[in-house]
Every structure is written in C-alpha cells, then in structure tokens.
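# Structure assessment
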Amino acid sequence: AREGAPASSSGARDMTGRETIVGGYLGVPDHARSDVKMVRPDGTDLLMKNIRWDAEPFRFPIYAGVRVTRWQGAFGGMIDFMHDKAIARVGKGAHGRKVTGERAIPDVIDVEGKLKGQPAAPQYKITDIIERLEFSHGHNMLLPTALLRLANLSPWFRPYVGVGAGVAIPHVEVFPAGEGEEGRTNEYQLAGPAMQGVFGIEIPLKSGPVFLEYKYTWASLQTNLTGGQTPSWCNCDFVSDFVRNGMRWWRGEAPIHGTLSTTIRTHQVVGGAGYRLRGG
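A few points on the structure.

A word on the pattern of salt bridges. Taken as a whole and judged by the stated rule, the model has 24 salt bridges. Between Glu179 and Arg40 there is a salt bridge whose closest N-O contact spans 2.6 Å. On the criterion of sequence distance, the pair formed by Glu179 in the loop between β12 (171–176) and β13 (185–188) and Arg40 in strand β2 (residues 34–40) is long-range, its members being 139 residues apart. Exposure remark for Glu179: the relative accessible area of 26% places this residue in the partly exposed category. Exposure remark for Arg40: the relative accessible area of 10% places this residue in the buried category. The closest approach of N and O atoms between Asp107 and Arg52, which form a salt bridge, is 2.7 Å. With Asp107 in the loop between β6 (75–88) and β7 (108–115) and Arg52 in the loop between β3 (44–51) and β4 (53–54), this residue pair connects regions lying 55 residues apart in the sequence. Residues joined by salt bridges that share partners form a network here, namely Arg52, Asp54, Glu56, Arg89, Arg97, Glu102, Arg103 and Asp107.

As structure tokens, this is what we get:
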C-alpha cells in the first residue's frame, strides 16, 4: 500500500507503497545431471561424467528456504537463503541412509583421465571410486535477489520476476573408496558463486502474501578435500568448519586430499507465505 495507507479489508494492496515481508517456503527441486572433476595428490585427475543427483526434499533436513523482502512500489529486493540436498547415486541415501529399489544400486559411470596415476578405464561403478558424494545439510545458497512486480492480473494475483547472485555454502560429504575416516571430507565450505532466476505469483492477504514460485538455480561448487572429519551426530559444526577453513586459507595451505568440483543446476517449484512487518 501507499506509505501510511492501510490494506483493504480483503488484504489486497496496490503497488505504489513500501512494505517489508519476512517469509519462508517449502518446495520440490529437480537437479540436472552434471560432470564431477576430482584432482588428488595421488595422481588422480578424473572426470566423472553425467552424475545423477537426488534431492530427498521431504526427508530431514527437508528442502526449505527463508527470505526477507523489501518492496518500494513495483521494485524490490530480497535476501533469500535456501537449503537443498544433492546426493549422488552410490546405493545409499543422504548420510548413508538405507534405500530400496533402483536407488539401492550404485550407478555405473563414464569417466576419463587418470586414477591413482594410471589411465582410467572407460567405466566404473561409482563406489569403486567414491563411497559417498553428496552436498547435504545441505546444498545451501545465499542469494541477494532483485525483484520486479508486473501488472496485477487481478487484486488477488500479482506476478513478479527476479534475478539474483550470491554464494553456495554446501556441506561437503566426500568419502573416497577404501580410505577410511582419515580420507573423508565432512564439513561446511564456502564453495563458489551461485545464481537464481525467479518467476512467481503472490496472493496479497492482510497479514502478508502467500506465493507460488518457479526458481532456477545454478551453483558452481569448487570444494576442497580436506579429510579427517568424522561425521558428528548432528553435522552441525558450522562455525568450527568455517574457522578451520579460514585458518587454512590464511596459512596458504593446499587441501591435503585434493579438490572436487561440479556445477549443480536445479529447477524448483516452491510455495510459501510471508508476514508483513508493521511500519514497513
């Protein structure tokens, strides 16, 4: 509404005023396949092709996001934090959970390059190379996003679009085959740039809008294989992980076990609701 003007009894507002909305959402993602590059000091320089990623959006921790949105008339901006998961097909679910059916069978993947200093075969069962490969707890992204409200379809339906760029903050779980706990990377990392495009429709209510949204996200994950992190009971060592990695960066230390990189591209449909702050 115009600054100082109340909403109508229906809750619908015009598009000329200011408002601040705090909201949250749930959704269903669909990850595209992607290549995974792994380089290690043991002579491994390997490209694992066309890896499949599962999301498990309704298993804890579920797919969810929170945001703060500030509108000034038709123009707005938001800080959007989303939690997703991306789990390679290694015959188990997130964090080693038992699964059944097709997901219980590890994928056979095409590869090229060198594995431990030797030319790689054209194909491997993925678990011959890597026992766990996932970004869960999660495939997190922090995305400042510019928004534009389009003309009202009606007092009850307001479409909007947006584009944003930020950072990916995944929880990296990479367990090389046959190396035990010492070789396992299990930590949060600041992994690289991320972007999103958004198209949504909001229904303005008196306390705040509800919305349905399509999101497309892209994240370039450049992760370090640091090893030595035994999974904790809750995988919640966010602060200590960043302190540890910050100290490594400050000292100029290369990751002990190499690097792993990929790009995660995701189509998502989300629905949520917001609360309009007073005086906003």
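What follows concerns the nonpolar core. Ranked by internal contacts, the top residues of the largest apolar core, which has 42 residues, are Met48, Trp53, Ile129 and Leu260. A per-element tally of this core places strand β10 (residues 130–149) first, with six residues. Leu260 has contacts with Val36, Lys37, Met38, Ile130, Leu133, Phe135, Val174, Leu221, Gln222, Thr223 and Leu225, leaving out every residue within four places of it along the chain.

Looking now at the packing of aromatic side chains. Geometry of an aromatic ring pair is reported as the spacing of the ring centres plus the angle between the planes. In this structure the tally under the stated criterion is four aromatic pairs. Geometrically, the ring pair formed by Tyr25 and Tyr63 is tilted, given 6.5 Å between the ring centres and 50 degrees between the ring planes. One end of the pair, Tyr25, is in strand β1 (residues 18–31); the other, Tyr63, is in the loop between β4 and β5 (64–72), with 38 residues separating them in the sequence. Judged by relative accessible area, Tyr25 falls into the buried class, the value being 4%. The class for Tyr63 is buried, based on a relative accessible area of 2%. Judged by centre distance (5.8 Å) and plane angle (40 degrees), the rings of Trp53 and Phe135 are tilted. Placement of Trp53 in strand β4 and of Phe135 in strand β10 is noted, with a sequence separation of 82 residues between them. Residues Trp53 and Phe135 agree in their burial class; the two are buried. Among the aromatic side chains, those forming a connected cluster through ring pairs are Tyr25, Tyr63 and Phe211. Positioned above the aromatic ring of Trp71, the side-chain terminus of Arg149 is 3.9 Å from the ring centre.

Criteria and cut-off values
Residues numbered from 1 in each chain as written. Predicted model: local features only at pLDDT ≥ 70, side-chain atom pairs only at ≥ 80, totals over all residues. Heavy atoms only, no water. Salt bridge = Lys/Arg side-chain N within 4 Å of Asp/Glu carboxyl O. Helix = DSSP H or I, 4+ residues; strand = E, 2+ residues; numbered from the N terminus. Buried < 20%, exposed > 50% of the residue type's maximum accessible area, 1.4 Å probe, protein only. Core = buried A, V, L, I, M, F, W, Y, C linked by side-chain atoms within 4.5 Å. Contact = heavy atoms within 4.5 Å. Phe/Tyr/Trp six-rings, centres within 6.5 Å; stacked < 30°, edge-to-face > 60°. Lys NZ or Arg CZ within 6 Å of the ring centre and 35° of its normal.

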